[in-house]
Amino acid sequence: MPGADLTLVEQFLNTLDTRTFTWHGRKQVPTDQLTSPEALATWLHDHDLLPENHHLGPSDLTTALTLRTALRAALADSDDTKAVQALANFPLHLTPDPDGHLRLTATSEVPGLDVIVETVATSVAGSGWHRLKLCSSPECRWAFYDTSRNGGGRWCRMVACGNRTKTRAYRARTNADQDAS
């Protein structure tokens, strides 16, 4: 599946949910899953990135939140160089794998974050990063992998955010036309 390698990054970015719209009568309330070192450890463990009973400290949480914020900012700007800048504090190395090939490895000093950093770096270098986006709806900003043919997707879900945005634009045009008449 295209983008399967970025699924983990997408899930990491969506640990911060800034959605504020109402959908089918249910108000979305912004949440942050990474509010403590224990919450980060749980998330990393749930994604098989951290061994059981491994404890993280406040500095590990700060590092994870800094990475998430920088990656979300890079997506908001739709700029690959911003993604590279987001990784500036995470050393990357070429390391031989068991087959004798070189692979990119990260040394973030936070167990579990290395896989995320390596995936972002590899996808930026391989031109897959431009498919990971933030929904253009200001009341959403959910991270999603754009599967559209030309890579021009703007909304996480057309049926929700896209429809809401297009309906607002239509109503604004209709009201402007009526006011002009």
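What comes next concerns the included structure. (Residues numbered from 1 in each chain as written. Predicted model: local features only at pLDDT ≥ 70, side-chain atom pairs only at ≥ 80, totals over all residues. Heavy atoms only, no water.)

1. Focus on the overall build of the chain
Phase 1 of the analysis: On a plain count of helices and strands, the chain comes out with six helices and eight strands.
Phase 2 of the analysis: Sequence-ordered secondary structure for the chain, helices as α and strands as β, is α-β-β-β-β-α-α-α-β-β-α-β-β-α.
Phase 3 of the analysis: Burial statistics for the chain: of 181 residues in total, 38% are counted as buried.
Phase 4 of the analysis: Taking as baseline every contact in the chain between residues at least 6 positions apart, the subset at least 24 positions apart corresponds to 49%.
Phase 5 of the analysis: Total accessible area on the chain is roughly 10500 Å²; 53% of this is exposed by carbon and sulfur atoms. (Helix = DSSP H or I, 4+ residues; strand = E, 2+ residues; numbered from the N terminus. Buried < 20%, exposed > 50% of the residue type's maximum accessible area, 1.4 Å probe, protein only. Contact = heavy atoms within 4.5 Å. Areas by Shrake-Rupley, 256 points an atom, 1.4 Å probe, with all protein chains shown as cover.)

2. Points about the pairing of strand β6 (residues 102-106)
Phase 1 of the analysis: Bridging between strand β5 (residues 92-96) and β6 involves five bridges; their strand directions are antiparallel. Counterpart to T95 in the pairing with β6 is R103.
Phase 2 of the analysis: Taking the residues between adjacent antiparallel strands as the criterion, β5 and β6 are bridged by five residues, where G100 takes a positive phi near 90°. (Pairing = 2+ DSSP bridges.)

3. Side note on the nonpolar core
Phase 1 of the analysis: Core analysis: the largest hydrophobic core is formed by 36 residues, its most contacted members being V9, F12, W43, L67, L71, I116 and W129.
Phase 2 of the analysis: Going through the elements one at a time, α1 (7-13), α2 (37-46), α3 (58-77), α4 (80-86), α5 (113-125), β7 (132-134) and β8 (143-145) are the ones with two or more residues in this core.
Phase 3 of the analysis: Ignoring anything within four residues of it in the chain, the contact list for W43 reads L8, Q11, F12, T15, Q33, L34, L49 and I116.
Phase 4 of the analysis: Among the nonpolar cores identified, the runner-up in size contains six residues, and C140, F144, W155 and C161 belong to it. (Core = buried A, V, L, I, M, F, W, Y, C linked by side-chain atoms within 4.5 Å.)

4. Details of the packing of α3 against α5
Phase 1 of the analysis: Two numbers describe how α3 lies on α5: the axes approach to 11 Å, and their chain directions differ by 20°. Between α3 and α5, the crossing angle belongs to the class labelled roughly parallel. Taken as a pair, α3 and α5 cross one another with a handedness that is left-handed. The segment α3 lies against α5, with T63, A64, L67 and L71 engaging L113, I116, V117 and V120. (Axes fitted to C-alpha atoms, helices over the stretch in contact; angles between N-to-C directions. Parallel < 35°, antiparallel > 145°, perpendicular 65-115°, else oblique. Left-handed = near helix turned anticlockwise from the far one by under 90°.)

5. What to know about the packing of aromatic side chains
Phase 1 of the analysis: Applying the stated criterion across every chain yields a total of one aromatic pair.
Phase 2 of the analysis: The interplanar angle of 55° and the centroid separation of 5.7 Å between the aromatic rings of F12 and W43 together place this pair among those described as tilted. Here F12, found in helix α1, pairs with W43, found in helix α2; they are 31 residues apart in sequence, far enough to count as distant.
Phase 3 of the analysis: For F12, a relative accessible area of 0% gives the class buried.
Phase 4 of the analysis: If you follow R19 out to its NZ or CZ, it ends over the ring of W142, 4.0 Å from the centre. (Phe/Tyr/Trp six-rings, centres within 6.5 Å; stacked < 30°, edge-to-face > 60°. Lys NZ or Arg CZ within 6 Å of the ring centre and 35° of its normal.)

6. Looking at the side chain of Q28
Phase 1 of the analysis: Mapping Q28 onto the fold places it in the loop between β3 (26-27) and β4 (31-32).
Phase 2 of the analysis: Residue classification places Q28 among the buried residues on the basis of a relative accessible area of 9%.

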